[in-house]
Amino acid sequence: MAIVSNTLIMKRVVFLSFFHIISAFHLSISTFSWRSPRLFASVIEYQENCGRGEQHLSAYLDDGDLVVYQSGTWLVDGVKVGDGSDPYLMYALIDSIQLVWTHNCEHGLLRGFEIEMDESGREVKLVDPLTELQFGPEQLIAKIPIDWNESDNSGKIICEPIQEDMWTPLL
């Protein structure tokens, strides 16, 4: 009987050890975001590389983020929406996020301020006079990493220089 008990005890210990390893692994996976700002702080994050709902790029935005979004006419689930004009791009500094995300969709508004970029594609500043914007999550194209300077309302792009034609394939 002592051998059977020791065998049962060993099986339980192995099972519990395996369970704890799996639980720890699951915990580490569930708390890790592949788009963590600490890991990808100098990389442009594109919506086309994200999903819908909780995986939408808008779910990872914070106040003060620089984004590029489309205006004019754009597609939502294959349907043209907007004012009917040709699509064009705008830059915005996010000020507030009023969105609801479900497992497969996102609804609401992103609000911010219009940003203009210099010709080098490395520096941005708030448009003067200050212009408030609002747009939907379906208009979001990308999040651009930036080092923002509050004292003069300008910022430096901390990735490759932004070129206007780089967004054309995304329209």
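Residues numbered from 1 in each chain as written. Predicted model: local features only at pLDDT ≥ 70, side-chain atom pairs only at ≥ 80, totals over all residues. Heavy atoms only, no water.

1. A word on the overall build of the chain
Here is step 1: Scanning the chain for helices and strands turns up one helix and 11 strands.
Here is step 2: When its helices and strands are written in sequence order, the chain yields α-β-β-β-β-β-β-β-β-β-β-β.
Here is step 3: Within the chain, the proportion of its 171 residues that are buried is 35%.
Here is step 4: Pairs at least 24 apart in sequence give 56% of the contacts found in the chain among residues at least 6 apart.
Here is step 5: For the chain, the exposed area adds up to about 11000 Å²; of that, 58% sits on carbon and sulfur atoms. (Helix = DSSP H or I, 4+ residues; strand = E, 2+ residues; numbered from the N terminus. Buried < 20%, exposed > 50% of the residue type's maximum accessible area, 1.4 Å probe, protein only. Contact = heavy atoms within 4.5 Å. Areas by Shrake-Rupley, 256 points an atom, 1.4 Å probe, with all protein chains shown as cover.)

2. Details of the pairing of strand β9 (residues 140-144)
Here is step 1: Most of β9 is tucked away: five of the five residues are buried.
Here is step 2: Pairing of strand β1 (residues 45-46) with β9, which is carried by two bridges, proceeds in the antiparallel orientation. If you follow E45 over to β9, its bridge partner there is K143.
Here is step 3: Sheet topology places strand β2 (residues 66-71) next to β9; four bridges connect them, and they run antiparallel. (Pairing = 2+ DSSP bridges.)

3. A word on the layout of surface pockets
Here is step 1: Reported here for the largest pocket is a volume of approximately 550 Å³.
Here is step 2: Around the largest pocket sit 25 residues that line it, and Q70, W74, L75, V76 and E138 are the ones nearest its centre.
Here is step 3: Of all elements in the fold, only β3 (73-76), β6 (106-117) and β9 reach the threshold of two or more residues within the lining of the largest pocket.
Here is step 4: When residues of the lining of the largest pocket are assigned to their parent elements, the largest contribution, four residues, is made by β3.
Here is step 5: Partitioning the lining of the largest pocket into residue classes produces nine nonpolar, nine polar and seven charged. (1 Å grid on protein atoms, 1.4 Å probe; cavity = no way out; pocket = protein on both sides within 12 Å on 5 of 7 lines; lining within 4 Å. Points joined across faces, edges and corners; volume = space filled by probe spheres on them. Nonpolar A, V, L, I, M, F, W, Y, C, P; charged D, E, K, R; others polar.)

4. A look at the nonpolar core
Here is step 1: By size, the foremost hydrophobic cluster in this structure holds 21 residues, and its most contacted members are Y91, I144, I162 and W167.
Here is step 2: Breaking this core down by element, the ones donating at least two residues are β2, β5 (88-101), β6, β7 (123-126), β9 and β10 (146-149).
Here is step 3: Setting aside residues up to four positions removed in sequence, W167 forms contacts with I44, Y46, V68, L89, Y91, I141, A142, I144 and I162. (Core = buried A, V, L, I, M, F, W, Y, C linked by side-chain atoms within 4.5 Å.)

5. Observations concerning the pattern of salt bridges
Here is step 1: Inspection of the entire model under this criterion finds six salt bridges.
Here is step 2: The shortest N-O distance in the salt bridge between R52 and D77 comes to 2.7 Å. Here D77 lies in the loop between β3 and β4 (79-82) and R52 lies in the loop between β1 and β2, a separation of 25 residues in the sequence.
Here is step 3: We note a salt bridge from E123 to K156, for which the minimum N-O separation is 3.2 Å. Taken together, the positions of E123 in strand β7 and K156 in strand β11 (residues 154-157) put the pair 33 residues apart, joining distant regions of the chain.
Here is step 4: Three or more residues joined by partner-sharing salt bridges are found here, namely E45, D65 and K143. (Salt bridge = Lys/Arg side-chain N within 4 Å of Asp/Glu carboxyl O.)

6. Some remarks on the environment of I144
Here is step 1: Tracing the backbone shows I144 in strand β9.
Here is step 2: Of the residues examined, I144 reaches a relative accessible area of 1% and is grouped as buried.
Here is step 3: Through-space distance from the C-alpha of I144 to that of I158 is 8.3 Å; in sequence the pair is 14 residues apart.
Here is step 4: Not counting residues within four places of it along the chain, the set of residues in contact with I144 comprises L66, V68, Y91, I157, C159, I162 and W167.

No statement about biological role is implied by the geometric values presented.
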